[in-house]
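# Descriptive structure summary
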Amino acid sequence: MQDIEWGKIKWQSRRGMRELDLMLLPFVEHDLPNMDEAAVCAYIDLLKATDLELFRWLHGSAEPDSKSRKDMIATIIKCHEGRKGREGV
């Protein structure tokens, strides 16, 4: 996974919507680097979604449009739940 451009992934994870940034940025900094290449690719695909889609998916008001995205959203939510009360979350 040496070819992965972590800076680019982190930059693309900054969405400008505080609710998204609070979930995505800690995930990219702390969780994603420990995952396999398939998970990283799934996350990169997830970043192609609009901010509104991401917001709705992460807050449960809509379902992601593919199994891969649904699984990645579930992973992000699980990681976020584990961080609540720490790191300003």
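Refer to the structure above for everything that follows.
Residues numbered from 1 in each chain as written. Predicted model: local features only at pLDDT ≥ 70, side-chain atom pairs only at ≥ 80, totals over all residues. Heavy atoms only, no water.

This part takes up the overall build of the protein. Scanning the protein for helices and strands turns up 5 helices and 0 strands. Secondary structure elements of the protein, listed N to C terminal, follow the sequence α-α-α-α-α. The C-alpha radius of gyration of the protein comes to 12 Å, within 12% of the 12 Å expected for a compact globule of 89 residues. Based on the C-alpha atoms only, the size of the protein along its principal axes is roughly 35 × 30 × 20 Å. Looking at the protein alone, contacts between residues at least 24 apart form 59% of all its contacts between residues at least 6 apart. In the structure as shown, the protein presents an accessible area of about 5,600 Å², 51% of it carried by carbon and sulfur atoms. Averaging the positions of the 14 positive and the 16 negative side-chain charges in the protein gives two centres separated by 3 Å. (Helix = DSSP H or I, 4+ residues; strand = E, 2+ residues; numbered from the N terminus. Rg over C-alpha atoms; globule rule 2.2 N^0.38 Å. Contact = heavy atoms within 4.5 Å. Areas by Shrake-Rupley, 256 points an atom, 1.4 Å probe, with all protein chains shown as cover. Lys, Arg positive; Asp, Glu negative; His and termini not counted. Charge placed at Lys NZ, Arg CZ, Asp CG, Glu CD.)

Take the pattern of salt bridges next. Considering all chains together, one arrives at 7 salt bridges under this definition. With a closest N to O distance of 2.6 Å, Arg 15 and Asp 51 form a salt bridge. Linking Arg 15 in the loop between helix H1 (6-13) and helix H2 (18-31) with Asp 51 in helix H4 (residues 51-58), this pair joins segments that are 36 residues apart in sequence. Since its relative accessible area comes to 25%, Asp 51 is described here as partly exposed. (Salt bridge = Lys/Arg side-chain N within 4 Å of Asp/Glu carboxyl O. Buried < 20%, exposed > 50% of the residue type's maximum accessible area, 1.4 Å probe, protein only.)

Everything listed here is a matter of coordinates, which is why it stays silent on function.
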